[in-house]
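Next come the chains, spelled out residue by residue.
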Amino acid sequence: MATETAQLPIRRGPLLLAWVILIIFCLLGPFMSYSGLPGTGEGSPVRQAGYLTVFGLAIYGSRPLVDPKRLLVVPIAICVALLWVWLSIAWALEPGIAFRRAFLTTTIIWSIFAIVRRVGVDQPLMIARALLVALLLINIAVSILFPEMGVHSVNEPADKGLIGDWRGIMTHKNFAGPTVAILILMFLFDARRIPMALRIIVIAAASYFLYRSGSKTSAGMVVCAIAIGALFQYYKGRAKGFIISLTALAGIAGAIAVYIYKDPLSGNFTDERSFTGRPLIWKALVDYWSDNPWLGSGYGSFWNIGPQGPIYRYATGWVTEVATGHNGFLDLLATVGLPGLVLIVIATVIVPIVTLIRKADSNAPRNALIVSILFFCIGHNATESTLFDRDGIPQVFLMFAIAAIAAMDSNRFPKAKRPSVSRAP
């Protein structure tokens, strides 16, 4: 009886339901970022309850009581990075806020890995495609029919060119942009089972919305991600890894240069008007990190933590009003220090890419999709901050891509036991 119990299969229904809820909450996250006064770091009870439900469903669906090894789904490199994140709570400027944010990040990461590890990639990918298409249609309809809601009508201190940019039902174009960019990648690569006419329509509609959103980061990075994905799928040369890495670095540098200036060879990079003022934000982050190089402020303890936040000592004016550093790497540098940033980069960039290159020819279309999503989500952090940050849209899909890569090395994870099938003699 004990053996039969240990061989019980996972519950696919709850795991897939957890994925649906997770994606919906991820897409609606900008509406539930906080409750109470902005800048106080208070969390949204609805948001927290939603992700606790996802976490609970993922645990329930995995049946860990009959086989505790089923909980071991997160790669060692990411576990080490998360361990540093949790250690940083000990010196965080706001331990309570740091704890909530670290807990949310950890439960979301574990849930994604549990879902992909147990049910595979195909069904979660199909569900994500369907939800992103539905969101695209809603965003386009709202932007056209209700422009007072779906189109930016005022500028912001950190972005003087927002007026006229589409955002649909999202609260900002920077949230809407990544959703359509990732949707383009999902219908461009590893989508052979989808009718070509439908693929073309979705890609065209998503591209048009991305153009009207004015989301330069997403537009530039998706073009680079497409190039990386195509190289990964079709290039068979022995120097594949080197060429892909070089193309990725060149793509990120080129996208940033185009973002900064129409003519990147002229102008003043430190001018507040250039790059929507990001250099001033980055300077504050770098200045703080130079004073706290090893430990930083503690995870999640730089922005949006109230009047004791470091930004009020390292910047003035409109810079103190922004909620992120608009660069995921610099934000991590300031919050978890150089050791934390190195551990996170190893876990989210180096290990996944090495694994993908090593298995490049095992399933070229699928791997092309995964590497394109991986590159887009990492590159997006050159001008936005989502890396290892709770339920940011690029963060969620980055973890999905890494979970898909980790599933390739199934021998690195203990497999859930399947029920044996007795055959008549």
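Further up the page is the structure itself.
Residues numbered from 1 in each chain as written. Predicted model: local features only at pLDDT ≥ 70, side-chain atom pairs only at ≥ 80, totals over all residues. Heavy atoms only, no water.

## Thoughts on the pattern of salt bridges
- Under the counting rule described, the total for this entry stands at nine salt bridges.
- A salt bridge links D190 to R192; the nearest nitrogen and oxygen atoms lie 3.9 Å apart.
- Exposure remark for D190: the relative accessible area of 14% places this residue in the buried category.
- Residue classification places R192 among the exposed positions, given a relative accessible area of 63%.
- A salt bridge links R390 to D389, with the shortest nitrogen-to-oxygen separation between them at 2.9 Å.
- The exposure class of R390 is buried, given its relative accessible area of 18%. (Salt bridge = Lys/Arg side-chain N within 4 Å of Asp/Glu carboxyl O. Buried < 20%, exposed > 50% of the residue type's maximum accessible area, 1.4 Å probe, protein only.)

## Observations concerning the packing of helix α6 (residues 122-145) against helix α9 (residues 196-213)
- Axis separation between α6 and α9 bottoms out at 11 Å; the angle between their running directions is 50°. In terms of orientation, α6 and α9 fall into the oblique class. Both α6 and α9 take part in a crossing whose hand is left-handed. Listed contacts from α9 to V133, L136, N139, I140 and S143 of α6 are V202, A205, A206 and F209.
- Partitioning the contact of α6 with α9 into residue classes produces seven nonpolar, two polar and no charged. (Axes fitted to C-alpha atoms, helices over the stretch in contact; angles between N-to-C directions. Helix = DSSP H or I, 4+ residues; strand = E, 2+ residues; numbered from the N terminus. Parallel < 35°, antiparallel > 145°, perpendicular 65-115°, else oblique. Left-handed = near helix turned anticlockwise from the far one by under 90°. Contact = heavy atoms within 4.5 Å. Nonpolar A, V, L, I, M, F, W, Y, C, P; charged D, E, K, R; others polar.)

## Examining the packing of aromatic side chains
- Counted according to the given criterion, the structure contains 11 aromatic pairs.
- Linked through ring pairs, Y288, F302, W303 and Y314 together constitute an aromatic cluster.
- It is R11 that lies over the ring of Y60; its NZ or CZ is 4.0 Å from the centre.
- Residue placement shows R129 over the ring face of F187; its charged tip is 6.0 Å from the ring centre. (Phe/Tyr/Trp six-rings, centres within 6.5 Å; stacked < 30°, edge-to-face > 60°. Lys NZ or Arg CZ within 6 Å of the ring centre and 35° of its normal.)

## Points about the nonpolar core
- By size, the foremost hydrophobic cluster in this structure holds 120 residues, and its most contacted members are I78, I112, F113, M186, F388 and F397.
- Residues contacting I78, with those up to four places away along its chain left out, are I109, F113, A347, F388, M399 and I402. (Core = buried A, V, L, I, M, F, W, Y, C linked by side-chain atoms within 4.5 Å.)

## Brief notes about the packing of helix α3 (residues 45-62) against helix α5 (residues 95-119)
- The contact between α3 and α5 brings their axes to 9 Å, and the two run at 35°. The chirality of how α3 crosses α5 is left-handed. Contacts from R47, Q48, Y51, L52, V54, F55, A58, I59 and S62 in α3 reach R100, F103, L104, T107, I108, W110, S111, A114 and R118 in α5.
- Considering only residue class, the contact of α3 with α5 consists of 11 nonpolar, four polar and three charged.

## Topic: the side chain of T335
- Here T335 is to be found in helix α14 (residues 328-358).
- Setting aside residues no more than four positions away along its own chain, T335 makes contact with L295, G296, S297, G298, Y299, G300, S301 and F302.

## Thoughts on the environment of A404
- Take A404: it is sitting in helix α16 (residues 393-408).
- Residue classification places A404 among the buried positions, given a relative accessible area of 5%.
- Sequence-wise, A404 and I112 are 292 residues apart; in three dimensions their C-alpha atoms are separated by 9.9 Å.
- Sequence-distant contacts of A404, defined by excluding residues within four places in its chain, comprise V116, V121 and I370.

## So, the environment of L82
- Along the chain, the position of L82 falls in helix α4 (residues 76-87).
- The exposure class of L82 is buried, given its relative accessible area of 9%.
- As a C-alpha pair, L82 and G340 span 258 residues in sequence and 9.0 Å in three-dimensional space.
- Non-local contacts of L82, meaning those with residues more than four positions away in its chain, are made with T106, I109 and F388.

## Digging into unusual backbone geometry
- If you check the backbone angles, H326 has positive phi at about 55° while not being a glycine.
- Counting through the fold element by element, H326 comes out in the loop between α13 (311-314) and α14.
- Here F388, not a glycine, exhibits a phi torsion of approximately 55°, which is positive.
- The topology assignment puts F388 in the loop between α15 (364-379) and α16.
- Among the residues examined, F388 registers a relative accessible area of 1% and is labelled buried.

## Overview of the environment of V154
- Take V154: it is sitting in the loop between α7 (147-150) and α8 (173-188).
- Residue classification places V154 among the exposed positions, given a relative accessible area of 55%.
- Through-space distance from the C-alpha of V154 to that of D165 is 9.9 Å; in sequence the pair is 11 residues apart.
- For V154, the contacting residues outside a window of four places in its chain are L162 and I163.

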